[in-house]
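Take a look at the letters that make up each chain.
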Amino acid sequence: MAPVRLAESSYFSCVSGSIASRYSAAYHYRFMYTAQSHLSKSRCLLFLALLAFSGALCLGPNAAIAQESNEILPLSQVRAGMQGYAYTIFAGDQVEKFDLEVIGVLENFLGPKQSIILVQLKGPKVEHTGVVAGMSGSPVYLDGKLAGALSLKLGVFTKEPIGGVTPIQDVLNPPSQTAAAQAATQQFGLPSEASTRTGLPSGSALEPIETPLVFSGFQPAALQQFANQLQGYGIVAAQGGTASPRPDDGRLVAGDMAGMVLVQGDASINSACTVTAVQADRVYLCGHPFLSLGDIQIPMARSRVVTTLSSDLASTKIVNVGGSIGTITGDHLTAVTGKLGAPPAMIPLDLTLQVSGAEPAKQKSLHFELVNHPKLTPLLVAITTFSGLTQNSLYGEGTTLHLSGEIRLQGHAAVQIENTFAPGDSLSPDGLPIALTMQNVFTRLFANSFEPAKVDRIALRVESVPGRKSFAIESAWLEKGEAAPGETLRVRVLLRPYRGPARVEETTVRIPEQASRGTTLRILVSDADLLNRASRGFAFAGAGSGPTGLDQLIALLNRERRNDRLYVGLFVPAPTLLWDDKELPNVPLSQINIVDGRPTPGSVQVLRESLASEASIPLGGPVSGVISLNLQVR
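So, here is what we can say about the structure in this document. (Residues numbered from 1 in each chain as written. Predicted model: local features only at pLDDT ≥ 70, side-chain atom pairs only at ≥ 80, totals over all residues. Heavy atoms only, no water.)

As for helix H7 (residues 377-390)
Then, in step 1: For H7, which comprises 14 residues, the first-to-last C-alpha distance of 20 Å matches the rise-based estimate of 20 Å (1.5 Å per residue) to within 8%.
Then, in step 2: Among the 14 residues that make up H7, 13 are buried, leaving the element largely enclosed by the rest of the structure. (Helix = DSSP H or I, 4+ residues; strand = E, 2+ residues; numbered from the N terminus. Expected span 1.5 Å × (residues − 1). Buried < 20%, exposed > 50% of the residue type's maximum accessible area, 1.4 Å probe, protein only.)

Remarks on the sheet that holds strand S26 (residues 471-478)
Then, in step 1: With mixed pairing, the 4 strands of this open sheet are ordered in space as S29-S28-S26-S36. Two strands close off the open sheet at either side, each with one partner strand: strand S29 (503-510) and strand S36 (623-624).
Then, in step 2: The pairing of S26 with S36 spans 2 bridges and is parallel. Each residue of the ladder has a partner; that of Phe 471, found in S36, is Val 623. (Pairing = 2+ DSSP bridges.)

Considerations on the pairing of strand S25 (residues 455-466)
Then, in step 1: The sheet contact formed by strand S21 (residues 347-355) and S25 spans 7 bridges and is parallel. If you follow Leu 353 over to S25, its bridge partner there is Val 462.
Then, in step 2: Sheet topology note: the strand S23 (residues 399-409)/S25 ladder contains 11 bridges and is antiparallel. Along S25, the bridge assignment pairs Thr 399 with Pro 466.

Overview of the environment of Ala 222
Then, in step 1: Looking at the secondary structure, you find Ala 222 in helix H5 (residues 220-224).
Then, in step 2: On a C-alpha basis, the gap between Ala 222 and Pro 429 in space is 9.4 Å, while along the polypeptide they are 207 residues apart.
Then, in step 3: Discounting residues that sit within four places of it in the chain, Ala 222 has contacts with Phe 386, Ser 387 and Gln 391. (Contact = heavy atoms within 4.5 Å.)

Now the structure itself:
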């Protein structure tokens, strides 16, 4: 195993040594005074003081040197009553030291062979703040050796700063993801023996120290719309900002802060926790999982602490996120691991809002980049789209929003996006349906069982038109109730606009030449969703037959009808066979019986009607309702 790096070589310009950290000199120089006044001893002390002073000047105001052992302390050598210390940042870039005492070792606490060291933090700062969100990963030293990473805290409203430490062997060698499939917010009851020793009530529970997810450029009102989903991930939202990248962002030492980059650009979402150790180009942080994602490829960035906010409920660090410094490669039970170097590629998202109906038309564009991960990307697309739209200076409630755009994927056709959304009477923001629509599309793309969806770029355009443009289907009728094969009939539809006079729209349907005389045809006047369901059955809802590949899924998404059009569909009484992504109308019953007898029941669906033809009328606003008409073939 390579030695653990506790400091960066760039700090050795004045003092040589293989291991050092930028810690306050107050914790590392103690002068023992005696009653003796011998001149030689005074001169010696004066010489040592001058030497220390010159070294401090050489290193700069925030870079006092402390030699730390690169040895690690096995869990078997940890005993109750041992005195130690840990490092973290409370403000700025200054890594500070605080003391602690071992209360005991909790064997098999997190799971089989997953023990925890229970400690009590000491010192004026930690006794004031308690265990702070963002402190997870703080390196803990016992007998001058690296013993583990601070990772757990004792509930909320506790007066005693008591925490749990993940043993260093488990941090440097995380267990497999199967053992890490625990919720990030899981609580662990404190054993009665430990409760008695600390004077805490029985039933006290340890829980992972929160890893703040820093939202920069997002208003709390925007996050509230997705609060349930965020809580499902165990995410604790925190406010923060961004800092300009620095040349020394990648020079991490134990006690610094770093985390994952989920979104960056005109707004950002980043996690932040403390670095436990740096081993060559490998970085170990947090001491517990962030989201238990397993092996991942997510950009890693430097985090810089603005200040630490003390609270009886939950103290936290307020941080700015700096530049990208590498890749987070693992998110496991006992640590988040990363690798210094170039970050992985992210998905560009361009969002443009245009306001029509005004002279001149106004337009504003935003740019974001998101991680490519099947669990995170759909939610991040929704949050980022909603926030970018509703916090745009051109956005206003009470307007009709037309969404268009495309999702470009590697090696596949683009997914075309087009829909219209009118203001509603509920208290939810008018822009929320756009975000949920995008989340649904990405969920279907990333949840496919065929191949990973590699997204190259997302381009979205939202046009805002003043007023509420929506239409309800009130009635429909044919010019006559019967027709001959090959004949064309007019269909009239009565529409009721929102707070406007009723209007009549007209289109035509043509009776198929092969229609049998004496049969009854059905004409469905409806919105897009109901015609989708009538022509695709329960396969439209994701059950039954479906696509057999990503190309077929994209084709289905692009064939779905748009909600700002009035549809008139002609159905004939002949079975339609839905086989995977294919629609086979007018299939003879004998062939259906043969095909549907395959050993994979449910992969084929049979509808009693076939959609012979359809017509649509664009209306510029969402349409709702359905009318079914019967037509006799004479």
